[in-house]
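Each chain, written out:
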Amino acid sequence: GPASPRGLQSAGTAGRDSNFCMPPAPVLPRFVPQASEEEEQFTLQRALRRDILLCTTWGIRDAVLWVQDQLNHCTLPRLGVKPTQRRIALPSNVTSMVFDFLDYDPTSFGHVRQLRAINNESYCASFSIPEGGAQIEVMLEKFTEGRSGSFFYFTYDYKYIVKTINATERDFLLSIMPQYTEHLRNHPTSLLPKFLGLHAIRLSPEQKFITIVVMENVFAGAAHLHMAERYDLKGSWVDRRVLKPHQDPTQFNETMKDLDLTRHVLLLERHKAAIVAQIGADVLFLNSVNVMDYSLLLGIHNCDPGRSCCASRVDADASSHGLSSRELMAHEGICGGGPSFAGPEARSVYFFGLIDILQQYNWKKKCEHAIKTVRCKDAHGISAVAPDEYAMRFITSLSSVIRGWSGGAAAYE
């Protein structure tokens, strides 16, 4: 029969005809969502944080091992306050980065670690970087940034804090290291911060060095407990309130201040006496080196009704042969009376530590005192006062907060 019109050919016939060609399907551009400026900034910040974490963590560990190696081979140069500078490369299995690292007065800070019974092996373990980087991710979640590029973070095991300090604080800490170390030797239960290392780091030669200090975490022994309340107590009362009216302090996740504290810290008489005496000795030392504006960091864990969270502490405190004051104050917390609303059998565990002890009463603080006195007309209620007055007010305030307890007394009045 007659040939079929080409337009009516079946698809199979057209496919076999070399003169016939189906038009190609149009190629649509693939939609790729663009990251917002905020998302890009967050990604960059997280990458920078990760680099800082990796380099500081590895640098601290490397510095301790380097000094140990030099001691083992009797080649350690004469070390003083002047820092030793080295260029350090991160392990190839982590990332390819090289950075500059300074180690200040490793002998003195090594001595502090010895006084705290921290050996190099356990200390370095807290700053290890295993393959996979899971621990770094944990540390990134606890990384906190402040003003002017300052930051602090916890080690993955919550034992230590790495914190930036400025040049004035660095120089002051180095200047008081002999007296500070002697004080820790004479007062094993001291509540002063335990400075375990002083370093500086820069990620590239074009940058300035960032100074960092390593300290013990006051709440290291509370990692498995719920810290219901945290207070920064200075003994002053001007601008020392965070909570709004009728806000529950046990439901507030931030650190509170003096006027937010409406309960007493109830401790057995022997524990109260030990804590108050130690605070007095520590404040006397701070006053002798012209320091003010420090705080008592108070953490409170309210025990559950069955006290299963802290049974060993309650049993030890109830015994006449319980834990010594030194063991109690070594970040383990002290069990005492709980809040009144929970009943007479309620118990709380209290954690204590003095913080921010590197502020001298210098011309800046004197100017601050003058300006705030004019503005608020309360020269004795502001934080910026001379060391003698600050010390007296601090001890008086805490003595009214910490009270003796024999069991069952109300924690609120």
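Only a predicted model underlies this, so the values are computations on that prediction, with no experimental measurement involved.

I'd like to hear about the pattern of salt bridges, residue by residue, with values.
If you walk through the whole model with that rule in mind, you get 14 salt bridges. A salt bridge links Asp100 to Arg87; the nearest nitrogen and oxygen atoms lie 2.9 Å apart. On the criterion of sequence distance, the pair formed by Asp100 in strand β2 (residues 98–104) and Arg87 in strand β1 (residues 84–89) is long-range, its members being 13 residues apart. Accessibility expressed as a relative area gives 46% for Arg87, which makes it partly exposed. When the shortest N-O distance is used, the salt bridge between Arg170 and Asp171 registers 3.0 Å. For Asp171, a relative accessible area of 41% puts it in the partly exposed group.

With reference to specific residues and values, describe the nonpolar core.
Within the largest apolar cluster, 89 residues are counted, with the highest numbers of intra-cluster contacts made by Tyr123, Phe195, Ile279, Tyr294, Leu298, Phe352 and Phe394. If you tally residues by element for this core, the top one is helix α2 (residues 37–72), at 8 residues. Look past the residues within four positions of Phe195 in its chain and what remains in contact with it is Phe109, Val112, Leu173, Tyr180, Val213, Val214, Met215, Ile357 and Leu358. Core analysis: the second largest hydrophobic core is formed by 10 residues, Val218, Ala222, Cys303 and Ile355 among them.

Describe in detail the packing of aromatic side chains, supporting the description with residues and values.
Per the stated rule, a full pass over the model turns up 14 aromatic pairs. Between Tyr123 and Tyr160, the ring centres sit 5.3 Å apart and the planes meet at 70 degrees, which makes this aromatic pair edge-to-face. Placement of Tyr123 in helix α4 (residues 120–125) and of Tyr160 in strand β5 (residues 160–164) is noted, with a sequence separation of 37 residues between them. According to the relative accessible area criterion, Tyr123 is buried, its value standing at 1%. Given the relative accessible area of 5%, Tyr160 is considered buried. A centroid spacing of 5.2 Å and a plane angle of 20 degrees characterise the contact between Phe143 and Phe151, whose relative ring orientation is stacked. In this pair, the class of Phe143 matches that of Phe151, namely buried. Grouping aromatic residues by their ring pairs yields a cluster made of Tyr123, Phe127 and Tyr160. The lysine or arginine in question, Arg113, covers the ring of Tyr123, its NZ or CZ lying 4.8 Å from the ring centre.

What counts as what
- Residues numbered from 1 in each chain as written.
- Predicted model: local features only at pLDDT ≥ 70, side-chain atom pairs only at ≥ 80, totals over all residues.
- Heavy atoms only, no water.
- Salt bridge = Lys/Arg side-chain N within 4 Å of Asp/Glu carboxyl O.
- Helix = DSSP H or I, 4+ residues; strand = E, 2+ residues; numbered from the N terminus.
- Buried < 20%, exposed > 50% of the residue type's maximum accessible area, 1.4 Å probe, protein only.
- Core = buried A, V, L, I, M, F, W, Y, C linked by side-chain atoms within 4.5 Å.
- Contact = heavy atoms within 4.5 Å.
- Phe/Tyr/Trp six-rings, centres within 6.5 Å; stacked < 30°, edge-to-face > 60°.
- Lys NZ or Arg CZ within 6 Å of the ring centre and 35° of its normal.

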